[in-house]
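Structural characterization, general
Each chain, letter by letter, is given below.
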Amino acid sequence: MAWLRAPRVLAGPGIWSFEHRVRPKEEPHEIAVPQLIAGAVISFLCAWLLWSLLMNDYLGPYWKWPLEVMLPDSWREGNAGVVSSFVYMALILGVIVVLFGRVGRWPALFRRLLAPVGRRVWKRLPGWLAPKDPGSLPGGALLLRAVVALAVAWLLWEWCTDESRASSLLMLQLANLTPDSGDPASYFYYRTSYSLIDLVIVLAVLAPFGCWPEVWRRYAPPGWRRGGESTATAEADAPVLQVDQAEWAELRAAGAGDAAERLAREARAGLMNDVDHARITRAWQSVRVQTSRFPAFVENVQRHGSAACGHPSGARDLPVRTARHDLLTGQVRLGTASDDLRNPYDRRGTGAALDPGLLGTSLLAVGPPGAGKTTRLVRPVLETMCLQALAGRAAVVSVGAAGAGPAGDDAFDAVVRVGHRESPCDLDLYGGTSDPDEAAAVLAEALVGDVVAGAPGGESRRAATVLGQLLGPFRTAHGRFPGVAELRELLDRAPEAMTALRTALATAGEQGALRELDARERQAARAGDAGALLADRIALLDRPAFAGFFDPTGQTRQVSLRALDRPLRVRIDLPERGHADASRILARLVLAQFTECAVARADRSVFACLVLDDASHVVTQEALRGLQRLRSANAGVVLTLRALDDVPEQLRGALLGTVGCRMAFAGVTTWDGARFAEVWGKAWVETRDVTDRQIVSDEPFTKLMHSIRRLVTGKDVTAKAVTVRTVERERWSASDLANAVPAGHAVLSVTSVTGETAPPVLVDLRG
């Protein structure tokens, strides 16, 4: 349960909160090592001088007055007085050490010089002796290591403080470091002091080997542990996510103690994973809203334990995970912010992550082929969405080229392989709607959305009107929408198809539908009618490779995006070879259906996500309007592009302005970089201009010294003038994005649905 007990610091959007360590906003001033050493030596000498003056009474007896005032009269004589005076001197010595240690920056010197040496030595030790990742150790092995280290520490301390041997460490300390006064009280004081000092040193040395800090972090009382964890974030006021630690206190308070005890017992036994915890937590939240479901929830938990409230597929985890996920916060880690000067100091070295709160504003990623869009972005996002779908929190639809799926078939509930005869599922061409006008609008967007500006009909609504004049009468006559071949015949005005449809409508007495059909025939006779363009586009789907697909008769298992209110996982493979235009039509169709269905959901508690790998020639004006509506519908879209040239020029700026998360991979062109630089804006930065000015002196001695220095260094004597200015500069220029982003990196900026923004950060996607 280490993943559950780990602190999660909510430091801001896009920051990996799992065990996050908050950094200061501004970079602290680094002091040079020689200056640190000089300061430490001087402060040590000053402390030594002050202690010598006190011990030799050069400063008078004033510093002993507090002891004389607080010490009872009965303690002034005998051993009590001697021990009390020694304790008081130890306190004074401790105050001097702390005071001069802070003045001389002894801790900083230790961190700069000794700590790196210790880390290098620790890395070279074998793993069984010096564990490199104590958090990954099982609970039993961790406790055994801690007990063994404690026993070794006790035996070593006993050996060091053995008074029966003259060669023990304690006896050597008493013989060489203790004044020979013959006073038993003085001997007792020094013996106890040296024994305690030896114990502290032994414990400090063996603490890392026994992983005692990890034991404290896992098994200390929650109040003590939380207080220690929050001290690191107190200065930055970053909230820490409060976790139940798998004790299910709310469930116990509601009267389901037996169910809570079983869940806690299975969690401690390692039978509950993060998906189970998130799924049951989600179910409990729904039960709190609908209290009538409480008895059924308790019964389910008591019967199935951590497998209760399961996903319809029965899966409790993904077969393979390639990224780090934290389902308590819903985050997936993409990489680490680079230690680059262009990154804010508080973001350097921190993890970069995405969550539904950020994906709800939609994400656009641009990068050339091979930059890592699929492996380092699409795959982690799909994994986290599938995991959250298993937990009942999300619904995900993945669209990509056939054979390039970033996740396997077993990670999805339904896989649609368009153009593959053995595909287990089919795609609903009309998105599960029964409204002819809605179906016509979505289908028109898919067919002619990319060429609507140059289409003879002018606007996309004219194409939707043409389709509506055919879909409505056909549904009225047959109780369903037409298939691809039937719709093509109607758009081509085939005499047999039109006559059959008119006869069916006349037989049923549907005069309104007949008027629609008459209007279609009149408009088809006009010049510039959109029917011819629609017929040419629908012909791309009426190919032998797609025979049997898009069947509206209900004979196949069709996938409808109307089910986005349920935690489903769908993957749609588009045919690329020889059917590029058909694939783009289908991609626009899925995008249009997703934006329409996600907004029309009655229950928006499930986050809906569409991942569209390679959105070339898919973005249209209507698609941008749909993306803007998704932010308030608890839904989002992930789009990847090879270049912004795959988007119409008049829509490129609108696309970057519509999405809230933007990602530029290594290798983008300067033209694309200019678009990103414009949308990311400028920031105020502090610049330093250093100017060297030659020093000219008229004094003989100064001229002599300058001549000698010129002979030695070969340079004129100069004085530096530093000018500090605050100027406004681009956060990332077009040239930097095109030339300064290393391979395997990307520049990422995020915006949450609540309006929180984060500046663009250079992220190393490899770690």
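Here goes a summary of the coordinates provided. (Residues numbered from 1 in each chain as written. Predicted model: local features only at pLDDT ≥ 70, side-chain atom pairs only at ≥ 80, totals over all residues. Heavy atoms only, no water.)

Description of the overall build of the protein
Selection criterion: Helix numbers and strand numbers start at the N terminus; a helix is a DSSP run of H or I with at least 4 residues, a strand a run of E with at least 2. Note on method: radius of gyration uses C-alpha positions; expected globular size equals 2.2 Å times residues raised to 0.38. Classification of residues uses two cut-offs on accessible area relative to the type maximum, computed with a 1.4 Å probe and protein chains only: under 20% is buried, over 50% is exposed, and between them is partly exposed. Surface exposure here means Shrake-Rupley accessible area, sampled with a 1.4 Å probe, where a residue is shielded only by the protein chains that are shown. Charged residues are defined here as Lys and Arg on the positive side and Asp and Glu on the negative side; His and the ends of the chain fall outside this count. By convention, charge coordinates are those of NZ in Lys, CZ in Arg, CG in Asp, or CD in Glu.
For the protein, the count of helices and strands is 28 helices and 16 strands. Against the 2.2 N^0.38 benchmark of 27 Å for 767 residues, the protein shows a C-alpha radius of gyration of 37 Å, more extended than a compact globule. By principal-axis analysis of the C-alpha atoms, the protein measures approximately 125 × 90 × 45 Å. Scored against the burial criterion, the 767 residues of the protein give a buried share of 44%. Here the protein displays about 39,300 Å² of accessible surface, and carbon together with sulfur accounts for 56% of that area. Charge-centre separation for the protein: the mean point of 87 positive side chains lies 2 Å from the mean point of 84 negative side chains.

Some details on the pattern of salt bridges
For side chains of opposite charge, pairing can occur when their charged atoms come near one another. Convention followed: Salt bridges are counted wherever a side-chain nitrogen of Lys or Arg sits within 4 Å of a carboxyl oxygen of Asp or Glu.
This model, assessed by the stated rule, comprises 33 salt bridges. Notably, a salt bridge pairs R571 with D573, separated by 3.0 Å at the nearest N-O pair. The pair formed by R571 and D573 is uniform in burial state, with each residue classed as buried. Residue R725 pairs with D689 through a salt bridge whose shortest N-O separation is 2.9 Å. Highlighted residues: R725 in strand β14 (residues 718-730) and D689 in strand β13 (residues 682-694), separated in sequence by 36 residues. By relative accessible area, which is 30% here, D689 ends up partly exposed.

Digging into the packing of aromatic side chains
Given two aromatic rings, their pairing is described by the distance between the two centres and the angle made by the two planes. Applicable threshold: The rule is short: rings of Phe, Tyr and Trp, with Trp giving its six-membered ring, pair when the centres are within 6.5 Å, and they are stacked under 30 degrees, edge-to-face over 60, tilted in between.
This structure, assessed with the given rule, holds twelve aromatic pairs. Seen from their ring centres, W16 and F18 are 6.3 Å apart, and the 50° between their planes marks the pair as tilted. Like W16, the residue F18 is buried in the burial classification. Ring centres of F44 and W48 lie 6.1 Å apart, and the angle between their planes is 45°; this geometry places the pair in the tilted category.

Digging into the environment of S749
We apply this condition: Within 3.5 Å is the distance limit for a polar contact, defined as a pair of N or O atoms, with the added protein rule that one can donate a hydrogen and the other accept it, and that residues adjacent in sequence qualify only through two side-chain atoms.
Tracing the sequence through the fold places S749 in strand β15 (residues 745-751). Judged by relative accessible area, which is 3%, S749 ranks as buried. In the structure, S749 is positioned 501 residues away from W248 in sequence and 37 Å away in space, judged by C-alpha atoms. Here W680 takes part through its side chain, which lies 2.6 Å from a polar atom of the side chain of S749.

Considerations on helix α26 (residues 670-680)
Two residues of an α-helix separated by three or four positions point the same way, owing to the 3.6 residues in each turn. Heads up, the condition is: What the arc covers is the set of directions going from the helix axis to the C-beta atoms.
Taken together, the buried positions of α26 are occupied by D672, G673, F676, A677 and W680. Taken down its axis, α26 places every buried residue within 140° of arc, on the same side. α26 presents W671 and E678 as exposed residues on the side facing more than 90 degrees away from its buried surface.

Quick notes on the pairing of strand β12 (residues 661-665)
What counts is decided by this rule: One bridge is not enough; two strands pair if DSSP finds at least two bridges between them.
Among the five residues of β12, five are classified as buried, and the element is accordingly described as predominantly covered. Neither face of β12 is left uncovered, since the one carrying C661, M663 and F665 and the one carrying R662 and A664 both have all their residues buried. Bridge count between strand β4 (residues 363-366) and β12: four bridges; the pairing is parallel. By the bridge assignment for β12, L364 is matched with R662. Bridge count between β12 and β15: four bridges; the pairing is antiparallel. Counted as the bridge partner of A664 is V747 from β15.

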